[in-house]
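What follows is each chain in one-letter form.
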Amino acid sequence: MGSRQVSTSWQGKNVTVAGLGVSGIPAARVLAGLGARVTVVNDGDDERSRTQAAQLEAEGITVRLGDGATLPEGTELVVTTPGWQPDKPLFAAAAEAGVEVWGDVELAWRLRGPGAAPWLAVTGTNGKTTTVRMLAAILEAAGLRTAAVGNIGVSLLDAVLGEEEYDVLAVELSSYQLHWAPSVRAHSAAVLNLAPDHLDWHGSMQAYAADKGRVYEGNQVACVYNVADKATEDLVREADVEEGCRAIGFTLGTPGPSQVGIVDDLLVDRAFVENRQKQAQELAQISDVDPPAPHNIANALAAAALARAFGVPATAVRDGLRAFRPDPHRIELVEEVQGVRYVDDSKATNTHAAEASLAAYDPIVWIAGGLAKGATFDELVSTAAGRLRGVVLMGADRALIREALARHAPEVPVVDLDRTDTGAMSEAVREAARLAQPGDTVLLAPACASMDMFTNYNKRGEAFADAVRALAAERA
């Protein structure tokens, strides 16, 4: 590894940081520490913003609250937080002035020192965090110094500028981050899947897909795509990669050459073996993946492909997957009560994630509803209809799911809870228990955001787990 020396060209440079928040504040501090003259602009002017502004101003950083639209005079670079939409007036003003706009990921990429750790990057609508954490576990099992960074875990700026040295980084990148990261060039990258999401931010599905596809630009060794999702393969075809970079597919079926996939109960590699026309390398057993739901096996295969692209031995894939433990509220078994399993997938905040979750169980009593964020539910309900024993609905937009059930699963009993208070979860679990039979799974996979009733999906999942445990105690 080389030194952490950063170019001194920041001295006196006028940089505007767009937005206070989890990435704006660290970016402002890093830039000021490098000698830049930093101005933070922020739309909000509430008590929290004023407290944050006072702290930054004490460090010599200028902050303008309630004025996120105006480009400060003399600005030479804008660094934006991922949440700011591309149609903001500030960015139009920057374009007119010929000023570049970078995101926090672009800033981290540009600040890497010589000999910096290569990036293995992961994006996609669903499964990013799990895949990146699986990848980090596999890399660690191979004895490599690594961290899960980016949209997860360690901040990228900390990883790039901190004292700790890494051999390779497992990097989660959102579509927002990729939009503002034109220079990032990964060693290898994966797009796990593509489904409509964040279209209010990107403006269209085409723009959303194009931003996801940026992760493949300049890849050196492997562009990993989902065989079952043709849109991901199309993005590989469109990418401008380095000479010799290969397209590597992952599939839940039998893999062809240059793919990783499943044979019997094994995860196998036909991409990084000597004779991929005739040979396959065993990587792990399905039982090594926790939980062994289809979409989670797909995550494991994508992680394995990226690790293998980096030269990791097959045994490290197995050992890493065995060591990996999923985050809470991702298809997490809470308890089994009188022969019925209660599974918390509160993280399934959109229809694509809920569809993957529903595909993992049969029969199901489904607890769903919340804030739909503009989603429609016909495809989800028609796909899952044959697995449903019953449905319990709650939350602000539950009527949208109820109407889809009436169209595509009219015979499935539906309990519609006309309440959005937090206590509704306890009633939802009781109603689900009433509908369930031994051998069934009661599955919280809301297909909606949680903010109509809960602070976040974690709190929603905790309310579900609490209600299940209370039920178990009653029935013990």
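The coordinates are above.
Caption draft 1: Examining the sheet that holds strand β12 (residues 259-263) more closely. Read across the sheet, nine strands follow the order β7-β8-β6-β9-β10-β11-β12-β13-β14 without closing on themselves; strand pairing throughout is mixed. The sheet terminates laterally at β7 (148-150) and β14 (281-285), the two strands that pair on one side only. Sheet twist, expressed as the average angle between the axes of neighbouring strands with direction ignored, equals 25°. One ladder, built from two bridges, connects strand β11 (residues 246-250) with β12; its direction is parallel. Considered in β12, the bridge of glycine 249 is made with glutamine 259. Set on the sheet, helix α11 (residues 294-309) makes contact with β6 (119-123), β9 (188-191), β10 (222-226), β11, β12, β13 (266-269) and β14; between it and β12 the angle comes to about 135°. Contacts between helix α12 (residues 314-323) and the sheet are confined to β13 and β14, with β14 contributing the most and set at about 10° to the helix.

Caption draft 2: Focus on the packing of aromatic side chains. On inspection of all chains with the given rule, the structure shows four aromatic pairs. Judged by centre distance (6.0 Å) and plane angle (85°), the rings of tryptophan 10 and tryptophan 102 are edge-to-face. Placement of the pair is tryptophan 10 in the segment before β1 (14-18) and tryptophan 102 in strand β5 (residues 100-103), with a sequence separation of 92 residues. For tryptophan 10, a relative accessible area of 6% gives the class buried. For tryptophan 102, a relative accessible area of 6% corresponds to the buried category. Summarising the aromatic geometry, the rings of tryptophan 109 and tryptophan 119 are spaced 4.8 Å apart at their centres and angled 80° between planes, so their arrangement reads as edge-to-face. Taken together, the residues span a long stretch of sequence, with tryptophan 109 in helix α4 (residues 104-111) and tryptophan 119 in strand β6 at a distance of 10 residues.

Caption draft 3: Structural detail: the pairing of β6. Summarising burial for β6: five of the five residues are buried, a large majority. Taking every second residue as pointing to the same face, both faces of β6 are buried, with Trp119, Ala121 and Thr123 on one and Leu120 and Val122 on the other. Looking at chain direction, β6 and strand β8 (residues 169-172) are connected through four bridges and run parallel. From the neighbouring strand, leucine 120 faces β8, where its bridge partner is alanine 170. Inspection of the sheet shows β6 paired to β9 by four bridges, in the parallel sense. The residue of β9 that forms the bridge with valine 122 is alanine 190.

Conventions and cut-offs
Residues numbered from 1 in each chain as written. Predicted model: local features only at pLDDT ≥ 70, side-chain atom pairs only at ≥ 80, totals over all residues. Heavy atoms only, no water. Pairing = 2+ DSSP bridges. Helix = DSSP H or I, 4+ residues; strand = E, 2+ residues; numbered from the N terminus. Axes fitted to C-alpha atoms, helices over the stretch in contact; angles between N-to-C directions. Contact = heavy atoms within 4.5 Å. Phe/Tyr/Trp six-rings, centres within 6.5 Å; stacked < 30°, edge-to-face > 60°. Buried < 20%, exposed > 50% of the residue type's maximum accessible area, 1.4 Å probe, protein only.

Nothing here speaks to function; it is all geometry.
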